[in-house]
Amino acid sequence: MRERDAKQRAKSFDEVNLGYSDEEAHAEAMRCLQCANPTCIEGCPVNIDIKSFIAGIIEGDAKRGVEVLKARNALPSACGRVCPQEEQCEAACVLARKGDPVAIGRLERYLGDLDLACDLEHRCRPDIGAPTGRRVAVVGAGPAGLACAGELARLGHAVTVFESLHAAGGVLLYGIPEFRLPKEIVAAEVEMLVEMGVEIVTDVVIGATHTVDELMGEQGFHAVFVGSGAGLPLFLGIPGENLNGVYSANEFLTRVNLMKAYDFPRHDTPVWRGRKVAVVGGGNVAMDAARTALRLGADEVFLVYRRTEEEMPARKEEVHHAREEGVEFKMLCSPVEIVGRDGWVTGMVATRMELGEPDASGRRAPVCVLDSDFVIECDTVIIALGTRANPLLTNAAPDVELNSRGYIVAGPDGETSKPGVFAGGDIVTGSATVILAMGAGKKAARAIDEWLAGSA
Amino acid sequence: MFPIIATRQLSESVFETTVSAPAIAAKVRAGQFLILRVDEAGERIPLTFSDWSSDEGWVRFIFMRVGKTTHKLSHLAAGDALLDVVGPLGKPTHVGGLGRVAVVGGGVGAAVAYPVARAMAAAGDEVTVILGARNRELLILEDEFRALPLKELVVCTDDGSAGRKDLVTAPLKELCEAGAIDHAMAIGPAIMMKFCAATTRDFAVPTTVSLNPIMVDGTGMCGACRVSVGAKTLFGCVDGPDFDGHLVDFEELMSRQRVYADVEREAAADFESECACRIK
Ligand SMILES: Cc1cc2nc3c(=O)[nH]c(=O)nc-3n(C[C@H](O)[C@H](O)[C@H](O)COP(=O)(O)OP(=O)(O)OC[C@H]3O[C@@H](n4cnc5c(N)ncnc54)[C@H](O)[C@@H]3O)c2cc1C
Ligand SMILES: Cc1cc2nc3c(=O)[nH]c(=O)nc-3n(C[C@H](O)[C@H](O)[C@H](O)COP(=O)(O)OP(=O)(O)OC[C@H]3O[C@@H](n4cnc5c(N)ncnc54)[C@H](O)[C@@H]3O)c2cc1C
Ligand code: SF4
Ligand code: SF4
Ligand code: FES
């Protein structure tokens, strides 16, 4: 796929990948063997009928392609961009064995975007079932909640989504940056849900404004789906972490993406624009933070990670893009202290690591090298170590069982310990992926449908 | 949208706004706060509820005009609306069973002290309120406090233009010395809360402070609001805003409150110069 030049894009929030032209999409689709046993489908967590949507492109019937996609995935433009395809559908494509699978994600994005380019009334929309008279509340307008809401609407239920922020999208909106997932795509996908009859109420924190019991009681909802995502950012617990200039990736990305701090002072929310930025972590979130810092004008951005590039959980494409744009990788380093002057960060002390025996996760565990401390000069530190469960909602719903880490315990179809309450996405699994969250939302919607039929 | 029902100017730089927000009004308890956004380009800022009516469906807050957002707010009037209001956020202030309490409200902190003192009195605590301001003009809510069933209301100003010519820590110290209080609650600028906590520490009078770190979401998602309390890092929005004043690292809080001071000043100046011509 064509990309913006690395030097130019490192200063711009415009999308990096430019997407396929019709000709390119057709040529790529033609590489698909239309296997009798399409193994790719197994690789997709929501089992999109990949073979058929590609057939749509091959035969020049984009409309059918979109319909096939949308039957399983309400947000193809988003997933085509952010799914870890190389570990999922594309890894399972027969051509992957030869090292060159069909670019399924890019084709998905191509079709999704074709659909979004149409006026609202010409966009592909699922058939909506006859109204059932049943009302379902969805907590959280992230991928899990939105997918659940879409499916419930399709089944004829009246759905209200409650979102604590001032806009819908969850991490797609406040976490993943514009240059990877343009916000107008998220807005357009949400617009379609509203068109399908889903009501989205922002500025409502379930657990504060209303509790789950009130939703099921005086508010008259017959079932609740909780897709509140993971929450509280983790910090390192080392000295100096509360100096000015130290951010969690969540705060840094929220300021820039949701609050548009890159456009300060036209938008009112500021962000500290460091010249030398150290980002701690090795996942997608760390890559996003590092690349965002470059775009805000940093001269140097270091990525500090305890293991090696091979163990980094981030998508290969993101690692590649980050490196191309000039992020400097400092592998096998672990921060021990953040140092500062007058309350502001001036550097980070790190210790060198080496890889020892494999740990429980099968990855070789990093161990410190004695007396190897060194200082990375920087004026900003962004910590991207992941998140833990947000207790706000669950504190207010004490009868929903949690696991030892505070996540909601849910069965395979999202059922929780409280009758009529279902859950899915990051609040059940911990930080995972967009498509897994959507898959969980959709599954739960079917389970809710059955539950509503049973409790009629 | 959240319609503004009424506004009132309490002093040159302090304003009161009442908005219609029935779902929130039904839930508020003393010590909790809201987060609002004025318009599409607006920042999310936290303000404490100074009053509310669940029957009539409104909430009220009092704010000091300090920067761009509070400037924008101060120009709004009944009939206008706020784009976003979220809440109630934070843990309510602990009231009841405290015994004899001194509630100290400094500056605009009086707005937060008012519902807290009211709730404590209603819960059976014996409440002495100490109000502090730089001068008479900046003193707010005196009449409202006088209408509460307090043990005593002590007013202090820096220049003596109203009440005693003293800092709030002076009467607080006298109460401690006399053994007249079992608990203290301090609400105001960080520096005032710091000195109140230092005052009560010598007498081992447990002291709660209501912190105001910079926030973004107000729901625990971003960590902007983290504060050091004892050996722990806690989040102002979900673990607070009330904390044990004897354990809070106030220097760190004050430093963190200044992160954006320079850029905010420019933004506010830009806005005021534009604004001046718009409201002429
Ligand atoms: C920076 C970043 C980059 C990422 N990159 C990728 C990627 O490239 N590919 C990929 O597949 N995944 C990626 N992920 C992970 C992916 O975004 C998440 O796994 C996914 O968004 C989880 O979806 P969710 O619906 O469970 O939760 P979320 O997206 O977190 O949405 C939850 C929503 O619920 C709202 N909410 C929370 N509590 C309440 C409450 N009490 N009341 C009302 N509303 C509430 C929140 O405001 C939020 O809008 C990334 C994550 C981050 C942070
Ligand atoms: C829990 C809580 C309750 C509060 N209650 C009140 C109240 O009842 N009345 C009142 O006048 N003020 C209150 N504040 C402070 C109020 O939020 C700030 O004065 C306001 O955000 C200033 O915004 P501005 O754009 O006008 O000024 P700016 O120029 O943006 O900032 C001026 C100063 O205000 C503080 N501030 C700025 N942005 C934020 C933010 N997003 N979150 C927190 N602080 C910020 C900073 O210290 C900054 O230096 C409260 C703060 C907190 C955290
Ligand atoms: S949703 Fe993700 S995994 Fe499934 S086909 Fe699309 S890109 Fe592949
Ligand atoms: S496995 Fe690969 S080649 Fe076969 S149908 Fe799927 S995408 Fe096409
Ligand atoms: S304001 Fe974001 S976590 Fe408290």
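Chemist: Pulling in residues and values, what's your account of the overall build of chain B?
Modeler: Counting secondary structure elements, chain B contains 9 helices and 16 strands. What you see for chain B is a C-alpha radius of gyration of 18 Å, in line with the 19 Å of a compact globule of 280 residues. Reported as C-alpha extents along the three principal axes, the dimensions of chain B are approximately 55 × 40 × 40 Å. The 280 residues of chain B split such that 58% are buried. Put simply, 66% of the contacts in chain B that link residues at least 6 apart link residues at least 24 apart. A total accessible area of about 11300 Å² is found for chain B, and carbon and sulfur atoms account for 52% of it. Charge-centre separation for chain B: the mean point of 28 positive side chains lies 1 Å from the mean point of 37 negative side chains.

Chemist: Residue-level account of helix 4 (residues 50–58) of chain A, with values.
Modeler: Residue and element names in this part refer to chain A. Across the 9 residues of helix 4, 7 count as buried, placing the element largely inside the fold. For helix 4, every residue scored as buried is listed here: Ile-50, Ser-52, Phe-53, Ile-54, Ala-55, Gly-56 and Ile-57. Contacts made by the buried residues of helix 4 are with helix 2 (22–30), helix 3 (40–43), helix 5 (62–72), helix 7 (89–92) and helix 8 (104–116). Positioned one or two residues after helix 4, Gly-60 has a phi angle of 70°, which is positive.

Chemist: I'd like a description of the nonpolar core, backed by residues and values.
Modeler: If you look at the biggest cluster of nonpolar residues, it comprises 69 residues, and the most contacted ones within it are Ile-50, Phe-53, Leu-107 and Ile-448 of chain A. Broken down by element, the residue count for this core peaks at 9 residues, all from helix 18 (residues 434–454) of chain A. Both domain 1 (6–122) and domain 2 (135–231 + 388–455) of chain A contribute no fewer than three residues apiece to this core. Sequence-distant contacts of Ile-448 of chain A, that is, excluding residues within four places in its chain, are made with Val-136, Cys-148, Leu-152, Ala-223, Phe-225 and Phe-422 of chain A. Residues Phe-2, Ala-21, Val-101 and Ala-162 of chain B belong to the second largest nonpolar core, which totals 54 residues.

Chemist: So what's going on with the site of ligand 3? Residues and values would help.
Modeler: Residues in close proximity to ligand 3 include Cys-44, Pro-45, Ile-48, Ile-50, Asn-73, Cys-83, Gln-85, Gln-88, Cys-89, Glu-108 and Ile-435 of chain A, which together make up its full environment. Its residues placed into classes, the shell around ligand 3 shows 7 nonpolar, 3 polar and 1 charged.

Chemist: Which residues make up the domain arrangement of chain A, and what values go with them?
Modeler: A common way to report how large an interface is uses the accessible area buried once the components associate. All names here are of chain A. The domain boundaries assigned to chain A delineate domain 1 (6–122), domain 2 (135–231 + 388–455) and domain 3 (235–385). Taken together, the 11 residues of domain 2 in the interface contact 12 residues of domain 3. For the domain 2 and domain 3 pair, buried surface summed over both sides reaches about 1000 Å², with 57% attributable to carbon and sulfur atoms. Of all residues in domain 2, Tyr-174, Phe-179 and Arg-180 bury the most surface against domain 3, accounting for 54% of the area lost on that side. On the surface where domain 2 and domain 3 come into contact, there are 2 salt bridges. Ionic pairing is found between Arg-180 and Asp-288, a salt bridge with its closest N-O pair at 2.7 Å. Between domain 2 and domain 3 we count 4 residue pairs in polar contact (both at pLDDT 80 or more) in total. The residue inventory of the side of domain 2 that touches domain 3, partitioned by class, reads 6 nonpolar, 3 polar and 2 charged.

Chemist: Account for the domain arrangement of chain B, naming residues and giving values.
Modeler: Residue and element names in this part refer to chain B. Here chain B is described as being made up of domain 1 (2–89) and domain 2 (100–257). Centre-to-centre, using C-alpha coordinates, domain 1 lies 21 Å away from domain 2. Counting from both sides, the interface comprises 21 residues of domain 1 and, opposite them, 20 residues of domain 2. It is Phe-33, Arg-44 and Ile-62 in domain 1 that bury the most area against domain 2; as a group they hold 24% of the surface buried on that side. Where domain 1 packs against domain 2, one counts 2 salt bridges. Put simply, Asp-51 and Arg-118 hold a salt bridge, and the shortest N to O gap is 3.0 Å. Seen at the junction of domain 1 and domain 2, the total is 5 residue pairs in polar contact (both at pLDDT 80 or more). At the level of secondary structure, the elements contributing two or more residues to the side of domain 1 that touches domain 2 comprise strand 1 (2–11), strand 3 (33–37), strand 4 (45–53) and strand 5 (58–64). Split into classes, the residues belonging to the side of domain 1 that touches domain 2 amount to 12 nonpolar, 5 polar and 4 charged.

Chemist: Which residues make up the interface of chain A and chain B, and what values go with them?
Modeler: Listed per partner, the contact involves 40 residues of chain A and 43 residues of chain B. A combined buried area of about 3200 Å² lies between chain A and chain B, and 54% of that area is made up of carbon and sulfur atoms. Contact with chain B buries area across many residues of chain A, yet Asp-203, Asn-242 and Asp-268 of chain A alone supply 22% of it, more than any other trio. If you look at where chain A meets chain B, you find 3 salt bridges. For Asp-268 of chain A, the salt bridge identified is with Lys-68 of chain B, shortest N-O distance 2.8 Å. One can count 20 residue pairs in polar contact (both at pLDDT 80 or more) joining chain A with chain B. Elements with a minimum of two residues in the side of chain A that touches chain B: strand 5 (246–248) and helix 13 (249–258) of chain A. In terms of residue class, the side of chain A that touches chain B is made up of 18 nonpolar, 15 polar and 7 charged.

Chemist: An account of the pattern of salt bridges is requested, with residue identities and associated values reported.
Modeler: All names here are of chain A. Enumeration over the complete set of coordinates arrives at 49 salt bridges over all chains. Taking the shortest distance from any N to any O, the salt bridge between Asp-213 and Lys-418 comes out at 2.6 Å. Separated by 205 residues along the polypeptide, Asp-213 in helix 12 (residues 212–216) and Lys-418 in the loop between helix 16 (391–395) and strand 14 (421–423) bring together distant segments of the chain. Judged by relative accessible area, Asp-213 falls into the partly exposed class, the value being 40%. Among the salt bridges present, the one from Glu-325 reaches Arg-291, with a minimum N-O distance of 3.0 Å. Taken together, the positions of Glu-325 in helix 15 (residues 316–325) and Arg-291 in helix 14 (residues 284–295) put the pair 34 residues apart, joining distant regions of the chain. Taking the relative accessible area as the measure of exposure, Glu-325 reaches 7% and is therefore buried. Judged by relative accessible area, which is 0%, Arg-291 ranks as buried. One network of salt bridges, with partners in common, ties together Glu-86, Arg-106, Arg-180, Asp-288, Arg-291, Arg-295, Arg-315, Glu-317, Glu-318 and Glu-325.

Chemist: A description of the environment of Val-216 of chain B should follow, citing residues and the corresponding values.
Modeler: Residues and elements named next belong to chain B. With respect to the helices, strands and loops of the structure, Val-216 is situated in the loop between strand 13 (207–210) and strand 14 (226–229). We classify Val-216 as buried; its relative accessible area is 5%. For Val-216 and His-183, which are 33 residues apart along the polypeptide, the C-alpha to C-alpha distance reads 31 Å.

Chemist: Which residues make up the packing of aromatic side chains, and what values do they have?
Modeler: Residues and elements named next belong to chain A. According to the stated counting rule, one finds 10 aromatic pairs over all chains in the structure shown. Every member of this aromatic cluster is reached through a ring pair, and the members are Phe-13, Phe-179 and Tyr-262. The ring centre of Phe-329 lies 4.4 Å from the NZ or CZ of Arg-323, which sits over that ring. In this structure, Arg-352 packs its charged tip against the face of Phe-374, placed 4.1 Å from the ring centre.

What counts as what
- All residue numbers here refer to positions counted from 1 along the written sequence of the relevant chain.
- For this description, chains carry letters from A and ligands carry numbers from 1, given in the order in which they are written.
- Only residues with pLDDT of 70 or above have their local features reported here, since the model is predicted, and side-chain atom pairs are shown and tallied only from 80 upward, although totals for entire chains, interfaces and linings are computed over all residues.
- Only hydrogens and water are set aside; all other atoms, that is, all heavy atoms of the structure, feed into the side-chain values.
- Helix and strand assignments come from DSSP, with helices taken as H or I runs of at least 4 residues and strands as E runs of at least 2, each series counted from the N terminus.
- In this treatment the radius of gyration is a C-alpha quantity, and the globule benchmark scales as 2.2 Å times the residue count to the 0.38 power.
- Burial classes: relative accessible area under 20% of the type maximum marks a residue as buried, over 50% as exposed, and values in between as partly exposed (1.4 Å probe, protein chains only).
- Any two residues whose heavy atoms approach within 4.5 Å at even a single point are treated as in contact.
- For accessible areas, the Shrake-Rupley method is used with a probe of radius 1.4 Å. Any residue's cover is judged against the shown protein chains and nothing else.
- Working convention for charge: Lys and Arg count positive, Asp and Glu count negative, and His plus the chain ends are omitted.
- In this description, the location of a charge corresponds to atom NZ of lysine, CZ of arginine, CG of aspartate or CD of glutamate.
- We define a nonpolar core as any set of buried Ala, Val, Leu, Ile, Met, Phe, Trp, Tyr and Cys residues linked to one another through side-chain atoms lying within 4.5 Å.
- The start and end points of each domain follow an automatic or database-based domain assignment.
- Here a residue is near a molecule or strand as soon as one of its heavy atoms is found within 4 Å of it.
- In the scheme used here, Gly and all other residues not listed as nonpolar or charged are polar, with Ala, Val, Leu, Ile, Met, Phe, Trp, Tyr, Cys and Pro taken as nonpolar and Asp, Glu, Lys and Arg as charged.
- In this description, buried area is defined as the sum, over both parts, of the accessible area (probe of 1.4 Å) that is lost when the two are combined.
- Salt bridge, as used here, is a side-chain nitrogen of Lys or Arg placed within 4 Å of a carboxyl oxygen of Asp or Glu.
- Identification of polar contacts relies on pairs of N or O atoms within 3.5 Å, with a donor-acceptor requirement for protein atoms, meaning one able to donate a hydrogen and the other able to accept it, and with residues adjacent in sequence counted only if both atoms are side-chain atoms.
- Side-chain rings of Phe, Tyr and Trp (the six-membered ring for Trp) are treated as a pair once their centres are within 6.5 Å; stacked means planes under 30 degrees apart, edge-to-face means over 60, and tilted covers the remaining angles.
- Cation placement over rings: the criterion is NZ of Lys or CZ of Arg within 6 Å of the ring centroid and within 35° of the ring normal.

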